Amino acid sequence: MHIRVPMDSAAKALGADDVVRALESAARAAGVEVTVTRTGSRGMVWLEPLVEVEIDGVRHGYGPALPSDAAAILDGSSSKALGPVEELDWMKRQTRLTFARCGVIDPLSLAEYEAHGGLVGLRRAAAMSGQEIVEEVKASGLRGRGGAGFPTGIKWQTVHDAEGPQKYIVCNADEGDSGTFADRMIMEGDPFSLIEGMAIAGLGVGATRGYVYLRSEYPDAIAVMRRAVELARAGGVLGADVLGSGQAFDMEIREGAGAYVCGEETSLLNSLEGKRGVVRAKPPLPALEGFLGRPTVVNNVISLATVPVILEKGAQHYADFGLGRSRGTVTLQIAGNVARGGLFETAFGLSLGEAVNEIGGGTASGRPVKAVQVGGPLGAYMPVEKFDTPLGYEEFDAAGGLIGHAGLVVFDDSADMLAMARFAMEFCAVESCGKCTPCRIGSIRGVETLDRIAAGDPSALPLLEDLCETMKDGSLCALGGFTPYPVMSAVRHFADDFATSKEAAQ
Ligand SMILES: Cc1cc2nc3c(=O)[nH]c(=O)nc-3n(C[C@H](O)[C@H](O)[C@H](O)COP(=O)(O)O)c2cc1C
Ligand code: SF4
């Protein structure tokens, strides 16, 4: 009997290790021979720990499993039976390109990785010139999944064309946005896809060294990635002669310093160099003067882990999915007060309302949805009236929001949006690197101004708007520059939460 249980840290936090122990001891008691393989997560976090039992080549799910369910799972009588996992609505509705293997394979088996399409892209890339690789990524329309949505191929072209004795690939695995976990999930569930993507990037731009800047709060992902790098090196995927191509690429994992701003690419580079995580002025662009002053590609985990499938299936296959200038798939991370939280990969174009209500199933509390913060702590609070906004970079921009790393945090009607606006300003104050005044001082004044509004001072609201304008226009990076998004979206869309306090004081 072959059973699979995720070793993903969300599944483990929900008791996956205890369930494995219970399954093994129930198997011994029943005299059943059982092989348990640990996988990544399928992304259905509300069903974790999700146990999958293979019957005639089909995986049948049981979840959320408790240790006490073990015996009934083994004899097939469990009330937690969900049927074939691939047939579940959540799975069937997805377009899994980046996450195709996540939850399916043993994350640390290079053989299983290859058996499921792994390394096809790198082999193809090894036979191409650097410029051909860059052209392929450009043609796919892939845009950075870390936040800004900058075209990946154009960034690679700059590094490809730059002169330098040494170039670098730096993977941004700081994943600081609230409600996001796609980077963690792929690193824990399909680490070779990131390694392969970084190797392809290296061959593409002529970089022979790579670093993954991985947040220290992800010990499981760090351990899996470190082991995967060793295995990839032993398997000839990394090293002096990548898959016999005669080209070198090797990489290592570096732990982050635990600051939100260290996810900003120049601050990250400083931290990687052992300096204080403070933002650098641009220019120079990291593509020209990045890590140790050398031409450097800085890309998000999902951007890089998507490159292998682009090279495997061809740029056109990827570009055929999506909406407008947002090509391919978006890996939605649905979290907060939501009935079905998890990772859902779909072509760009799904509406926000569909994502929250149909996929996420509405709130966990059963109360009406009030707001959804999209794109992390710097993203706008989208009201229900904006639920028809399609998920696309330009479409969200036109609606006053941003997609960012595609985290959706759902709030029900009990949320106090004045308190949320205050939280956004306070977050900025706490996480500011301190380099520029509008952010360092502005965020503190912002908290004070919101406290005045809460205390019923009507003159404070125009002051807040003014302050937000200054932060937007005068900040060096998006931490100070985008904090006005959550703050002003709360003011504009949920005026009642701000008016009540004013009226109370009148
Ligand atoms: C305050 C701040 C925090 C950021 N945090 C992250 C992060 O955690 N992960 C990430 O990939 N990008 C983050 N970014 C965006 C990066 O600066 C950069 O745009 C990104 O790593 C580029 O990769 P991409 O083109 O693949 O998206 C952050 C930006 C800012 C301003
Ligand atoms: S906006 Fe804030 S985080 Fe960004 S450089 Fe200025 S002080 Fe630092």
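See the structure printed just above.
Parameters at a glance
Residues numbered from 1 in each chain as written. Chains lettered and ligands numbered in written order. Predicted model: local features only at pLDDT ≥ 70, side-chain atom pairs only at ≥ 80, totals over all residues. Heavy atoms only, no water. Near = heavy atom within 4 Å. 1 Å grid on protein atoms, 1.4 Å probe; cavity = no way out; pocket = protein on both sides within 12 Å on 5 of 7 lines; lining within 4 Å. Sits in = over half its atoms within 2 Å of the grid points. Nonpolar A, V, L, I, M, F, W, Y, C, P; charged D, E, K, R; others polar. Salt bridge = Lys/Arg side-chain N within 4 Å of Asp/Glu carboxyl O. Helix = DSSP H or I, 4+ residues; strand = E, 2+ residues; numbered from the N terminus. Buried < 20%, exposed > 50% of the residue type's maximum accessible area, 1.4 Å probe, protein only. Axes fitted to C-alpha atoms, helices over the stretch in contact; angles between N-to-C directions. Parallel < 35°, antiparallel > 145°, perpendicular 65-115°, else oblique. Contact = heavy atoms within 4.5 Å. Points joined across faces, edges and corners; volume = space filled by probe spheres on them.

Side note on the site of ligand 2
In the vicinity of ligand 2 lie 13 residues, with Cys-433, Lys-435, Cys-436, Cys-439 and Cys-477 positioned nearest. More than half of the atoms of ligand 2 fall within 2 Å of the grid points belonging to the largest cavity. Broken down by class, the residue content of the shell around ligand 2 amounts to eight nonpolar, four polar and one charged.

Description of the pattern of salt bridges
The final tally for this structure, using the stated rule, is 36 salt bridges. Where Arg-101 meets Asp-190, a salt bridge forms, and the shortest distance between an N and an O atom there is 3.0 Å. With Arg-101 in the loop between helix 4 (89-92) and helix 5 (110-115) and Asp-190 in the loop between helix 9 (182-189) and helix 10 (191-205), this pair connects stretches of sequence that are 89 residues apart. In this structure, the salt-bridge partner of Arg-492 is Glu-465, at a minimum N-O distance of 3.7 Å. You can see Arg-492 sitting in helix 22 (residues 484-493) and its partner Glu-465 sitting in helix 20 (residues 460-474), a full 27 residues away along the chain. When its relative accessible area of 56% is taken as the criterion, Arg-492 is described as exposed. Since its relative accessible area comes to 35%, Glu-465 is described here as partly exposed.

Topic: the packing of helix 8 (residues 152-161) against helix 10
With their axes 8 Å apart at the nearest point, helix 8 and helix 10 run at an angle of 50° to one another. Taken as axis vectors, helix 8 and helix 10 run oblique relative to one another. Contacts between helix 8 and helix 10 involve Trp-156, Val-159 and His-160 from the first element and Ile-200, Ala-201, Gly-204 and Val-205 from the second. Looking at side-chain class alone, the contact of helix 8 with helix 10 contains five nonpolar, two polar and no charged residues.

Points about the layout of surface pockets
The calculated volume of the largest pocket comes to roughly 1300 Å³. In this structure, the largest pocket is lined by 48 residues; those nearest its centre are Gly-146, Gly-147, Ala-148, Gly-149 and Ala-478. Contributions of two or more residues to the lining of the largest pocket are made by helix 8, strand 9 (296-300), helix 16 (393-398) and helix 21 (478-482). At four residues, strand 9 tops the list of elements feeding residues into the lining of the largest pocket. Tallied by class, the residues present in the lining of the largest pocket amount to 19 nonpolar, 16 polar and 13 charged. Computed from the structure, the second largest pocket encloses a volume of approximately 240 Å³. In terms of lining residues, the second largest pocket is bounded by Ala-380, Gly-400, Glu-465, Cys-468, Glu-469, Lys-472, Pro-484, Tyr-485, Met-488, Ser-489, Arg-492 and His-493. Among the elements of the structure, helix 20 and helix 22 are those that each provide at least two residues to the lining of the second largest pocket.

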